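A structural walkthrough
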Amino acid sequence: MKKKDLALDLLEMALARKDEPVALASALIALDRLASQRPDHAPAHYASGRVLILLGRYQLALGAFRLAALADPTMFEAPYYEAICHWFLGHDAPALELLDHACDLDPSRLEPWYDRGQILANLGEHALAHDAFAHAHALRPDDFATLKKLLQSQIRLGRWEAARISHAALRKLWAESEDPAVRDLESYVLDQFEIGEQAILALETFAPRGDPQVAVSFAVTEAGRLVFSLNLESSVALRAAGYGWTLVVQDGGLRVDTGYRYHDRPAYPLLRRDAELTIRNYPALG
């Protein structure tokens, strides 16, 4: 928004007290009064829409953002948040259309590109999602969340060299970040893939601790239930035997040695290949 006014002050108060329904209702009443007095005042409609989102009233918020866009067709926030409402309501096509419009209104903003990538990824349009995340990353190379999404999309598409570069950049960004929300992260989702009816979530730990140390854990789920985990880990005993890393199945209280040994930490394409083979053959290991 270009400058503060009463509507934006009311929105700021509502955002600061977003967990207080009475405060949100009071802000909405004041904004409705302001919008009635000044029907062409775009910030009043926009702020009303934001408060309605906080209240979970997405359908009403849609109308508020449309009024804001009619009052000020140049306002980036109006189509952007209208797109968010459609997304929350499960309307992917209009959400994508409005995000495109928001990108046209302000090409410098990261948010619509990021959200466009997320919607496309959810729809299985991974190549288009990659392009959206790549554009968002180009706009803000130091944004951790965007780089993480770009890395995930590169892995999903098998673009291993690009993923290697992004992975190194992500770890460097984490190590050097002054943002506590980033620096305090212990792990993150590196990859997601499927094998038959099983969904696999690969989690990487930034700084493994303890003995054994788990660097990457593949959580194998089926119908939303954890079946077992496959861990890339190192230990004092393993290093004493001349190896750096091994793959171990953790199945409840049972640990199963897969027989995989690595002198150095394996690059992710090799690790992913060995993990897939292990997951497919795990019943035979038992």
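Overview of the structure. (Residues numbered from 1 in each chain as written. Predicted model: local features only at pLDDT ≥ 70, side-chain atom pairs only at ≥ 80, totals over all residues. Heavy atoms only, no water.)

A closer look at the nonpolar core
- Judged by nonpolar contacts, the single largest core of 77 residues is most densely connected at Tyr46, Phe218, Leu232 and Tyr268.
- It is helix α3 (residues 42–54) that contributes the most residues to this core, 7 residues altogether.
- In contact with tyrosine 268, not counting residues within four places along its chain, are Ile155, Trp160, Leu190, Asp191, Phe193, Ala202 and Phe218. (Core = buried A, V, L, I, M, F, W, Y, C linked by side-chain atoms within 4.5 Å. Buried < 20%, exposed > 50% of the residue type's maximum accessible area, 1.4 Å probe, protein only. Helix = DSSP H or I, 4+ residues; strand = E, 2+ residues; numbered from the N terminus. Contact = heavy atoms within 4.5 Å.)

Re the packing of aromatic side chains
- Per the counting criterion, the structure on display carries 14 aromatic pairs.
- Seen from their ring centres, phenylalanine 65 and tyrosine 81 are 5.9 Å apart, and the 25° between their planes marks the pair as stacked. Residue phenylalanine 65 is found in helix α4 (residues 58–71), and its partner tyrosine 81 is found in helix α5 (residues 77–88); the two are separated by 16 residues along the sequence.
- Phenylalanine 65 gets classed as buried once you look at its relative accessible area, which sits at 0%.
- Centre to centre, the rings of phenylalanine 193 and phenylalanine 218 are 6.3 Å apart; their planes meet at 70°, and the pair counts as edge-to-face. Of this pair, phenylalanine 193 sits in strand β1 (residues 187–195) while phenylalanine 218 sits in strand β3 (residues 213–222), and the two are 25 residues apart along the sequence.
- Accessibility expressed as a relative area gives 0% for phenylalanine 218, which makes it buried.
- Cluster of aromatic residues (ring-pair linked, three or more members): Tyr46, Phe65, Phe76, Tyr80 and Tyr81. (Phe/Tyr/Trp six-rings, centres within 6.5 Å; stacked < 30°, edge-to-face > 60°.)

Quick word on the environment of arginine 261
- Looking at the element boundaries, arginine 261 is found in strand β6 (residues 254–262).
- Each C-alpha atom, one on arginine 261 and one on histidine 126, is 33 Å from the other, the two residues being 135 residues apart in sequence.
- When near neighbours in sequence (up to four residues on either side) are disregarded, arginine 261 contacts Leu238, Tyr243, Trp245 and Thr246.
- Here the side chain of arginine 261 touches threonine 246 through a polar contact of 2.8 Å, side chain to side chain.
- Looking at arginine 261, its side chain comes within polar contact range of the side chain of aspartate 257, at 2.7 Å. (Polar contact = N/O pair within 3.5 Å; in protein donor to acceptor, adjacent residues only side chain to side chain.)

Describing the side chain of glutamine 198
- Assignment of secondary structure puts glutamine 198 in strand β2 (residues 198–205).
- Classification of glutamine 198 by relative accessible area gives buried; the value is 17%.
- Ignoring sequence-local partners within four residues, the contact set of glutamine 198 consists of Phe193, Val220, Thr221, Glu222 and Ile279.

Topic: the environment of proline 73
- Here proline 73 lies in the loop between α4 and α5.
- Classification of proline 73 by relative accessible area gives exposed; the value is 55%.

Structural notes on the sheet that holds strand β5 (residues 245–251)
- Strand order in the open sheet formed by 6 strands is β1-β2-β3-β4-β5-β6, with antiparallel pairing between adjacent strands. What marks the edges here is a single partner per strand, and that holds for β1 and β6. Put simply, the sheet's adjacent strands are angled 20° from each other on average, direction ignored.
- Judged from the 8 bridges that link them, β1 and β2 form a sheet pairing that is antiparallel. Counterpart to aspartate 191 in the pairing with β2 is alanine 202. (Pairing = 2+ DSSP bridges. Axes fitted to C-alpha atoms, helices over the stretch in contact; angles between N-to-C directions.)

A short note on the pattern of salt bridges
- Counted by the stated rule, this structure contains 18 salt bridges.
- With its nearest N and O atoms 3.4 Å apart, the salt bridge here joins arginine 156 to glutamate 194. Placement of arginine 156 in helix α9 (residues 144–156) and of glutamate 194 in strand β1 is noted, with a sequence separation of 38 residues between them.
- Judged by its relative accessible area of 33%, arginine 156 is partly exposed.
- Measuring nitrogen to oxygen at the nearest pair gives 3.4 Å for the salt bridge that ties arginine 209 to glutamate 186. Taken together, the residues arginine 209 in the loop between β2 and β3 and glutamate 186 in the loop between α11 (180–183) and β1 connect sequence positions 23 residues apart. Of the two residues examined, arginine 209 and glutamate 186, each falls in the exposed class.
- Taken together, the shared-partner salt bridges in this structure form one network comprising Asp191, Arg272, Glu276 and Arg280. (Salt bridge = Lys/Arg side-chain N within 4 Å of Asp/Glu carboxyl O.)

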